[in-house]
Amino acid sequence: MYDVVIVGGRPAGASLAARLGSWGLSVLIVDKATFPSLPEVPSCPVIHQGTIALFEEIGFKESLFAGVTKIHRSVAQVGDDERSEAEIPAARSRNYLYGLDRAAFDAALWKYLGRFPKIEARQGFRVIDVLRDQEGRVTGIEGVGADGVHQKLYARHCVVGADGRHSLISRKVEAKIIKDFAEYTSTVHFAEWENLTPATRSGEPAVHAITGGRGQNVLFFPSAGGRVNVATHVRADRSGTEGDAQGYYLNILNSFAGARDRLAGARQLRSLVGVRKIGNRYREHGGPGWVLVGDALHHKDPIDTQGIYDALVESKRLAGLLLTYHQKVLSWEQVLSSYKEAILQETLEMFKQTTRAVKSGLYQDIPKVVLRTAMRWLMQDPAYRRQSVRFVAREISPAGWLTPGLVLGALGRGIKRDLEQIYHSE
């Protein structure tokens with residue numbers, strides 16, 4: 001018997017366990033995987049400043065990170081012509097991101113849980129079903145451990161589903177989908193490569209995005225040890241692989257000169273992974289004896305690198321409420337009501353921004369003249385870059401971050417730069 005049983009040991013579940021364990025609650029956390037291993041569903045392999053800050057709140061400091069590369073620069077490229085390199089502006093007192101090897105990073109996070117005496121962590125544990133009492137309240141889980149022994153494990157307070165987009169717990173408790181943005185979706189394929197040509201003049205690691213303006217983007221995310229995750233991000237209704245996902249992936253990469261240049265002489269290390277028609281949705285958040293967190297609760301397109309941040313901030317809000325329940329300050333119904341409100345407060349505006357970005361960035365074909373002028377001017381503008389990084393890092397509210405004044409100012413400064421270059425060239 002434990003106070004809380006958590007199913008899923010990656011960032012959502014592990015961070016929740018760390019918070020509860022640090023407050024003295026007894027926690028069992030299980031995961032069907034053994035670490036190190038990649039997540040079942042791939043996610044954006046980079047964390048921004050807001051995510052780093054939330055990891056530090058649970059004591060998982062940067063010095064404990066594994067499988068990471070610190071990134072101080074970004075490269076934005078429009079088609080094959082316009083390319084802009086810049087330092088990453090500061091947000092939350094950090095002027096860098098981290099690129100991740102998720103297998104090594106998640107293993108370090110799992111190992112960190114060993115510091116908490118009230119946490120029991122079991123990897124290689126496959127959950128089969130949830131347990132219920134006579135009134136139908138969820139009271140625990142049953143499953144098979146790494147040793148092959150079938151077990152029933154009980155929770156005094158609740159069972160938490162932190163087991164990702166394809167959550168078994170959400171299916172077993174029949175959690176309904178309550179919001180689904182299905183009209184505009186993307187398909188992502190990516191693999192890890194080595195020996196790429198650097199994106200920057202100095203050879204420093206950089207996040208490198210190539211925007212095609214025709215529903216196709218290519219993204220380069222530094223991993224660890226000089227390796228790079230190379231992803232294609234395509235509007236879902238134009239992503240037919242015709243049974244050859246690897247060939248399709250390489251064809252998209254080869255259609256961009258910037259990608260061809262970087263991959264000349266490079267070698268793909270891992271098998272291709274992908275997600276078709278990436279869902280943008282919220283599930284029902286909880287019920288009698290159960291609650292969801294992370295991708296099991298709410299997930300969306302990785303275009304804005306928000307998945308791990310959302311998992312951590314949801315687990316933070318849930319942990320505080322579970323503590324009040326443990327202390328008998330709130331009833332379970334009050335916990336669920338407050339958690340629903342907290343989820344929407346923390347994530348809904350970014351959800352709206354992300355789904356708008358998918359629609360505008362992939363489903364609106366952008367004329368070349370706009371790519372070469374307005375989009376280039378935005379990417380090169382320091383004020384626009386600063387504000388966009390603060391938005392992504394959740395240092396400012398996602399609501400209304402892109403003001404008319406910011407856009408018009410960036411466009412005006414871009415026009416001025418072009419005119420000055422013409423004048424000086426003459």
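Cut-off values and rules
Residues numbered from 1 in each chain as written. Predicted model: local features only at pLDDT ≥ 70, side-chain atom pairs only at ≥ 80, totals over all residues. Heavy atoms only, no water. Helix = DSSP H or I, 4+ residues; strand = E, 2+ residues; numbered from the N terminus. Rg over C-alpha atoms; globule rule 2.2 N^0.38 Å. Buried < 20%, exposed > 50% of the residue type's maximum accessible area, 1.4 Å probe, protein only. Contact = heavy atoms within 4.5 Å. Areas by Shrake-Rupley, 256 points an atom, 1.4 Å probe, with all protein chains shown as cover. Lys, Arg positive; Asp, Glu negative; His and termini not counted. Charge placed at Lys NZ, Arg CZ, Asp CG, Glu CD. Pairing = 2+ DSSP bridges. Core = buried A, V, L, I, M, F, W, Y, C linked by side-chain atoms within 4.5 Å. Expected span 1.5 Å × (residues − 1). Phe/Tyr/Trp six-rings, centres within 6.5 Å; stacked < 30°, edge-to-face > 60°. Polar contact = N/O pair within 3.5 Å; in protein donor to acceptor, adjacent residues only side chain to side chain. Axes fitted to C-alpha atoms, helices over the stretch in contact; angles between N-to-C directions. Parallel < 35°, antiparallel > 145°, perpendicular 65-115°, else oblique. Nonpolar A, V, L, I, M, F, W, Y, C, P; charged D, E, K, R; others polar. Patch = residues over 30% accessible without salt bridge, like charges linked within 9 Å, V, L, I, M, F, W, Y side chains within 5 Å. Salt bridge = Lys/Arg side-chain N within 4 Å of Asp/Glu carboxyl O.

Draft legend 1. Representation of the overall build of the protein in the model. A tally of helices and strands in the protein yields 11 helices and 22 strands. Taken against the 2.2 N^0.38 rule, which gives 22 Å for 426 residues, the C-alpha radius of gyration of the protein at 22 Å falls within 12% of a compact globule. Along the first, second and third principal axes, the C-alpha set of the protein runs to 85 × 45 × 40 Å. When the 426 residues of the protein are sorted by exposure, 56% land in the buried category. Restricting the contact set of the protein to residue pairs at least 6 apart, pairs at least 24 apart contribute 73%. By element, 50% of the accessible surface of the protein is carried by carbon and sulfur atoms, the whole surface being about 18500 Å². Put simply, the protein has 55 plus and 46 minus side-chain charges, and the middle of one group is 1 Å from the middle of the other.

Draft legend 2. Quick look at the sheet that holds strand E12 (residues 177-180). The strand order E12-E19-E22 describes an open sheet built from three strands, whose pairing is antiparallel. Taken across any chain shown, the strands that pair with only one partner, and hence form the sheet edges, are E12 and strand E22 (298-299). Where strand E19 (residues 281-283) lies against E22, two bridges are found, and the strand directions are antiparallel. Counted as the bridge partner of Arg281 is His299 from E22.

Draft legend 3. Quick look at the nonpolar core. Within the largest apolar cluster, 76 residues are counted, with the highest numbers of intra-cluster contacts made by Ile6, Ile47, Phe55, Phe60, Ile141 and Val160. The greatest single-element share of this core, amounting to 11 residues, is contributed by helix H7 (residues 307-326). If near-sequence neighbours (up to four positions away) are discounted, Phe55 is found in contact with Pro11, Ile47, Phe60, Phe65, Phe105, Leu109, Ile308 and Leu312. Ala191, Phe220, Ala259 and Leu263 belong to the second-largest nonpolar core, a separate cluster that totals 18 residues.

Draft legend 4. View of helix H11 (residues 404-425). Between the first and last C-alpha of H11 there are 32 Å, a value that for 22 residues agrees with the 32 Å anticipated at 1.5 Å per step. Buried within H11 we find Leu406, Gly409, Ala410, Gly414 and Asp418.

Draft legend 5. Local environment of the sheet that holds strand E3 (residues 46-47). If you walk across this open sheet you meet the three strands as E3-E7-E4, and the pairing is antiparallel. The open sheet has two free edges, formed respectively by E3 and strand E4 (68-71), since each of these has just one partner strand. Two elements, E4 and strand E7 (residues 97-100), share four bridges in a ladder whose sense is antiparallel. Each bridged residue has a counterpart across the sheet, and for Thr69 the counterpart in E7 is Gly99.

Draft legend 6. Summary view of the packing of aromatic side chains. All told, the structure shown has 17 aromatic pairs when counted by the stated rule. An angle of 40° between the planes, with centres 5.2 Å apart, marks the rings of Phe60 and Phe65 as tilted. Judged on exposure class, the residue Phe60 and its partner Phe65 are both buried. Taking 4.5 Å as the distance between ring centres and 10° as the angle between the ring planes, the aromatic pair formed by Phe391 and Trp401 counts as stacked. Pair noted here: Phe391 is in helix H10 (residues 382-392) and Trp401 is in the loop between H10 and H11, with a separation of 10 residues, a long-range link. The pair Phe391 / Trp401 is uniform in exposure class, with both members buried. Of the aromatic side chains, those joined through ring pairs into one cluster are Phe55, Phe60, Phe65, Tyr96, Tyr98, Phe105, Tyr112 and Phe116.

Draft legend 7. Quick look at the side chain of His298. Relative to the helices and strands, His298 resides in strand E22. For His298, a relative accessible area of 2% puts it in the buried group. Only 2.9 Å separates the side chain of His298 from the side chain of Glu314, close enough to count as a polar contact. Setting aside anything within four residues of it in sequence, one finds His298 in contact with Arg281, Tyr282, Asp310, Glu314, Thr347 and Phe351.

Draft legend 8. Main features of the packing of helix H9 (residues 368-380) against H11. H11 packs onto H9 with a crossing angle of 100° between their chain directions and a minimal axis gap of 8 Å. Relative to H11, the element H9 lies roughly perpendicular. Seen from H9, the contacting residues are Ala374, Arg376, Trp377, Leu378 and Gln380; seen from H11, they are Val407, Ala410, Leu411, Gly414, Ile415, Arg417 and Asp418. Classifying every residue of the contact of H9 with H11 by side-chain character gives seven nonpolar, two polar and three charged.

Draft legend 9. Broad picture of the packing of H10 against H11. Where H10 contacts H11, the two axes come as close as 8 Å, and the packing angle between them is 145°. Facing H10, whose interface residues are Ala383, Tyr384 and Gln387, H11 presents Leu406, Ala410 and Arg413. Split by residue class, the contact of H10 with H11 holds four nonpolar, one polar and one charged.

Draft legend 10. Local environment of the environment of Val293. Turning to its location among the elements, Val293 is positioned in the loop between strand E21 (290-292) and E22. Look at Val293 and you get buried, because its relative accessible area is 0%. Residues Val293 and Arg102, 191 residues apart in the sequence, show an inter-C-alpha distance of 19 Å. In this structure, Val293 is in contact with Ala12, Val160, Gly161, Ala162, Ala311, Glu314, Ser315, Leu318 and Tyr339, ignoring residues within four places of it in sequence.

Draft legend 11. Structural detail: a nonpolar patch on the surface. Taken together, the side chains of Ile415, Leu419 and Ile422 present a nonpolar region at the surface, about 280 Å² in accessible area. Along the chain, Leu419 turns up in helix H11.

Draft legend 12. Seen up close, the pairing of strand E14 (residues 206-211). The element E14 is largely enclosed, with a buried count of five among its six residues. When strand E5 (residues 73-78) meets E14, the two strands line up parallel, connected through six bridges. In the strand pairing of E14, Ser74 is matched with Val207. Looking at chain direction, E14 and strand E15 (residues 216-222) are connected through four bridges and run antiparallel. By the bridge assignment for E15, Ala209 is matched with Leu219. Taking the residues that link successive antiparallel strands as the turn, the E14-E15 hairpin has four residues, and the phi of Gly213 there is positive, at about 75°.

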